[in-house]
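# Overview (structure and organization)
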Amino acid sequence: MIDKWTVKTRAMDTQNVSKALAGGTCLTENEQCLKLEKTAIKIQSWWHGNMVHRTLLHTALRAWVIQCWWRSMQAKMLEQRRHLALRLYTCQEWVVVKVQAQVRMWQARRRFLQAHQAACIIQSHWCWHASQQRDLIRGRYEVRASRLELDIEILLT
């Protein structure tokens, strides 16, 4: 669709060209040339403004794309750091749990060995005491219908 301004500009341009070819110069032609020049300047400035606007839009779009890429890279790096920190924490926790288990096992084993040693000492003392008692006290007993007969000999050495 062609608007009135475009038609008028084209008509003015055609008239100026035809008059310039004819070689005639007049005052109205000079005014028309000035109007045409002003119109051309307006068109050029409009075109230049559009080109600058377009360039700025492309630049802004490129900057936005770069910013989006950079943000995604930062997010990936942050996620990698978080994952690494989690793995490190998990490894440290596992080591701590293992050390605690070893210490608890060592404590339980030590308590068991102490109890075992105490039981061995008690058994050896009991065996010695029992053997000493067997040698010192000899006796026999008989149960008869209504009474108990007990003979005990105590040997003192």
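For the structure, check the block above.
Small disclaimer: the values here were computed from a predicted structure and weren't measured.

### Observations regarding the overall build of the protein
Assigned secondary structure in the protein consists of two helices and two strands. Going residue by residue from the N terminus, the α and β elements of the protein occur as α-α-β-β. Residues counted as buried form 4% of the 157 residues belonging to the protein. Nonlocal contacts in the protein, meaning residues at least 24 apart in sequence, comprise 13% of its contacts between residues at least 6 apart. When the accessible surface of the protein is split by element, carbon and sulfur atoms take 64% of a total near 14,900 Å².

### Digging into a nonpolar patch on the surface
Together, Ile43, Trp46, Trp47 and Met51 make up an exposed nonpolar region whose accessible area comes to about 430 Å². Positionally, Trp47 belongs in helix 2 (residues 27-136).

### What to know about the packing of aromatic side chains
How two aromatic rings sit relative to each other is given by the distance of their centres and the angle of their planes. Scanning the entire structure with this criterion turns up two aromatic pairs. Pairing Trp46 with Trp47 gives two aromatic rings, centres 6.3 Å apart and planes at 50 degrees, and the pair type is tilted. A relative accessible area of 53% places Trp46 in the exposed class. Here Arg110 stacks its cationic end above the ring of Trp106, 4.9 Å away from the centre of that ring.

What counts, and at which threshold
- Residues numbered from 1 in each chain as written.
- Predicted model: local features only at pLDDT ≥ 70, side-chain atom pairs only at ≥ 80, totals over all residues.
- Heavy atoms only, no water.
- Helix = DSSP H or I, 4+ residues; strand = E, 2+ residues; numbered from the N terminus.
- Buried < 20%, exposed > 50% of the residue type's maximum accessible area, 1.4 Å probe, protein only.
- Contact = heavy atoms within 4.5 Å.
- Areas by Shrake-Rupley, 256 points an atom, 1.4 Å probe, with all protein chains shown as cover.
- Patch = residues over 30% accessible without salt bridge, like charges linked within 9 Å, V, L, I, M, F, W, Y side chains within 5 Å.
- Salt bridge = Lys/Arg side-chain N within 4 Å of Asp/Glu carboxyl O.
- Phe/Tyr/Trp six-rings, centres within 6.5 Å; stacked < 30°, edge-to-face > 60°.
- Lys NZ or Arg CZ within 6 Å of the ring centre and 35° of its normal.

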